[in-house]
Amino acid sequence: MPIRELLAEARQNRDHEAVCRLYDQWQTEGRDEELSRWDYLYLMNGLYGLKRYGDCLELYKLQQHVYPESDLLHSKMGWCVYHLYIKPVKQNDFDKKQCRDVLKKADYVLKLVRQEDFSPLWLIVDVLSEGLMSGSLGGQKDFALALHYLDLVQPELLSAESGETMAGNKKISLASPREKWYCRRVKCLCELARYEECIAFGEEALKALESFHNNSDSWIKQRVAVSLAGLQQFEQAEKTANEIVRGGFRNWNIFHLLFGLACREEKFDDAFKYAGMCAVADNSHEMRVRFYGALAEFLDSQGREREAMLHRQLIDTLRQEKNWKQKKDENWQLPEEIAALSKADVLKELKPLWWEWCNIGRVFASGRIEKILPNGSSGFIRGEDGRSFYFSFKDARCRRDKLQPEAEVRFALEERLDRKKNQWKENAVEITVP
């Protein structure tokens, strides 16, 4: 029986193994029997189903000159390239040579594959843009090239449905492809200092997206604020940044921006406050080397020489820890007493100072823990005036086990956005146990 008839039968039975045996037989017999475009597609589907991606690509090469305009064959070829060469980018760091090879293969696919249902186009752009923006693909960040690939995508054709994954026993909601595309394009425009485009596109993104994950709406607004500052629209930049903070976004980047704006306006109390908030936002001090350098210069200007030197020593210890080279503008000479301090020693001295700065202008009150909510991560404090205030354990400055019902606490108040009710409410923050 001719291979074509056997192939049709195997396809009807969805028997990938039988299809692959027929492919091997066809190869062994010297490919004498002429195949149609659909025969090639059936064979490629069978090989693809058994993850024989290399053989699938070889078969594609054979038919390419015969059926050069077949979208279905191009798409199947694209999926094979994705699994063989593109997908591994997510698990590995690629050097420049490997990067060029991957991008060459990706470019070939992207010229032939259309964006449609079951097309690999978005998945390829997703991996490439993420790798180029993080620096894992090619060894350094390339926002211009990432933007080039993102601009091959039509966002209206991307799914707006969120995905899901499990973290232990907890179900986590993931950003939709459309949300990813908007967020990455906003970031690229900001990083490339295309500020006017970033502002306009950021506003478009906030209107186009119906839901946000991992504070993506705040990240979009933050890049709009950076762009406003880049265009010297400082008042509007500060207003936008403060709105983000009031909304509960506590990432150090937004405080770094506010610190710079306060320094420029010579609002020195605000500068100290935002510097403290930036420094204590998390323990990723290595991410803030540039900020600590700017802070040291500010402290020098305020006559706080020892504090400036401590921040410079922190930079030195972070560079030594990460085996990073010292930059030319970091060629300072520190006294032996300071230069001998370890990172832990420096942080031990700086952390109380940072918290002191954070609390500039705050008014503190006393009260008791009224109750802890079932989620175990938040609750209510009743102040001495009888009013009740919501709090999150994220805003506690003491051990969690100290915050039990009826425990006496000291706290400040800060307006935060209740996202569920879309209302501004006073929350208890900076909570400590006397």
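This structure is a prediction, so every number in the text was calculated from the model and none was measured. (Residues numbered from 1 in each chain as written. Predicted model: local features only at pLDDT ≥ 70, side-chain atom pairs only at ≥ 80, totals over all residues. Heavy atoms only, no water.)

S.K.: If you had to explain the overall build of the chain to someone new, which residues and values would you point to?
M.R.: Each helix and strand counted, the chain has 18 helices and 7 strands in total. Taken against the 2.2 N^0.38 rule, which gives 22 Å for 434 residues, the C-alpha radius of gyration of the chain at 29 Å runs more than 25% over that of a compact globule. Judged by the C-alpha coordinates and their principal axes, the chain covers about 90 × 55 × 40 Å. Each of the 434 residues in the chain was classed as buried or not, and the buried ones make up 43%. Carbon and sulfur atoms form 46% of the exposed surface of the chain, whose accessible area is close to 24,300 Å². (Helix = DSSP H or I, 4+ residues; strand = E, 2+ residues; numbered from the N terminus. Rg over C-alpha atoms; globule rule 2.2 N^0.38 Å. Buried < 20%, exposed > 50% of the residue type's maximum accessible area, 1.4 Å probe, protein only. Areas by Shrake-Rupley, 256 points an atom, 1.4 Å probe, with all protein chains shown as cover.)

S.K.: Just give me the short version of the nonpolar core, but keep the residues and values in it.
M.R.: Counting residues in each nonpolar core, the largest one holds 65 residues, and the members touching the most others are Leu-59, Ile-86, Ile-124, Val-125, Leu-128, Leu-137 and Trp-181. Apart from residues lying up to four places away in sequence, Leu-137 is in contact with Val-89, Phe-94, Cys-99, Leu-103, Leu-128, Gly-131 and Leu-132. (Core = buried A, V, L, I, M, F, W, Y, C linked by side-chain atoms within 4.5 Å. Contact = heavy atoms within 4.5 Å.)

S.K.: Let's hear about the sheet that holds strand E7 (residues 423–432): which residues, and what values?
M.R.: In spatial order, the strands read E3-E4-E5-E7-E6; together these 5 strands close into a barrel with mixed pairing. Pairwise comparison of adjacent strand axes, ignoring direction, gives a mean angle of 50° for this sheet. Across 5 bridges, the pairing between strand E3 (residues 364–372) and strand E4 (residues 378–383) is antiparallel. If you follow Ile-369 over to E4, its bridge partner there is Ile-381. (Pairing = 2+ DSSP bridges. Axes fitted to C-alpha atoms, helices over the stretch in contact; angles between N-to-C directions.)

S.K.: How would you explain the packing of aromatic side chains if you had to name every residue and give the values?
M.R.: Under the counting rule described, the total for this entry stands at 16 aromatic pairs. On the basis of an interplanar angle of 10° and a centroid distance of 5.8 Å, the ring pair of Tyr-292 and Trp-354 is categorised as stacked. With a gap of 62 residues between them, Tyr-292 in helix H15 (residues 289–301) and Trp-354 in helix H18 (residues 343–358) connect regions that are remote in the sequence. For Trp-354, a relative accessible area of 0% gives the class buried. In this structure, Lys-76 is placed above the aromatic ring of Tyr-48, and the distance from its NZ or CZ to the ring centre is 4.4 Å. (Phe/Tyr/Trp six-rings, centres within 6.5 Å; stacked < 30°, edge-to-face > 60°. Lys NZ or Arg CZ within 6 Å of the ring centre and 35° of its normal.)

S.K.: Summarise the packing of helix H11 (residues 216–230) against helix H13 (residues 252–264); cite the residues concerned and give the values.
M.R.: Two elements in contact, H11 and H13, have axes whose closest approach is 10 Å; the angle formed by their N-to-C orientations is 20°. Here H11 is positioned roughly parallel relative to H13, judged by the angle of their axes. Crossing of H11 against H13: the hand is left-handed. Where H11 abuts H13, its residues Trp-219, Gln-222, Ala-225, Val-226 and Ala-229 lie against Asn-253, Ile-254, Leu-257 and Leu-261. (Parallel < 35°, antiparallel > 145°, perpendicular 65-115°, else oblique. Left-handed = near helix turned anticlockwise from the far one by under 90°.)

S.K.: I'd like to hear about H15, residue by residue, with values.
M.R.: The terminal C-alpha atoms of H15 lie 19 Å apart, and with 13 residues this matches the ideal 18 Å at 1.5 Å per residue to within 8%. Taken residue by residue, H15 has Val-289, Phe-291, Tyr-292, Gly-293, Leu-295, Ala-296, Phe-298 and Leu-299 as its buried positions. Buried residues along H15 sit against H13, helix H14 (268–280), helix H16 (305–322) and H18. Following H15 by one or two positions, Gly-303 has its phi on the positive side, about 75°. (Expected span 1.5 Å × (residues − 1).)

S.K.: Outline the packing of H11 against helix H12 (residues 234–246), listing residues and values.
M.R.: Running from N to C, H11 and H12 cross one another at 160°; their axes reach a closest spacing of 8 Å. One element, H11, and the other, H12, form an angle in the roughly antiparallel class. Crossing angle aside, the handedness with which H11 passes H12 is left-handed. Residues Ser-218, Lys-221, Gln-222, Ala-225, Leu-228 and Ala-229 of H11 touch H12, and the partners they reach there are Phe-234, Gln-236, Ala-237, Thr-240, Ala-241 and Ile-244.

S.K.: Can you explain unusual backbone geometry? Please cite residues and give values.
M.R.: Residues other than glycine seldom take positive phi values, yet Phe-118 does so here, at roughly 65°. Within the element layout of this structure, Phe-118 appears in the loop between helix H6 (96–112) and helix H7 (121–134). At Glu-406, a residue that is not glycine, the phi angle is positive and equals roughly 80°. Mapped onto the fold, Glu-406 is located in the loop between strand E5 (388–392) and strand E6 (408–418). For Glu-406, a relative accessible area of 52% corresponds to the exposed category.

S.K.: Can you tell me about the environment of Gln-302, naming the residues and giving the values?
M.R.: Within the element layout of this structure, Gln-302 appears in the loop between H15 and H16. Along the sequence, Gln-302 and Ser-129 sit 173 residues apart, while their C-alpha atoms lie 43 Å from each other. Once residues lying within four places of it in the same chain are set aside, the contact partners of Gln-302 are Phe-268 and Phe-272.

S.K.: Help me get a handle on the pairing of E6, residues and values and all.
M.R.: As defined by bridge partners, E3 adjoins E6 across 5 bridges and the pair is classed as antiparallel. Note on E6: the bridge partner recorded for Ala-365 is Phe-411. Where E6 meets E7, 8 bridges bridge the pair, whose relative direction is antiparallel. Note that in E7 the partner of Ala-412 across the bridge is Val-429.

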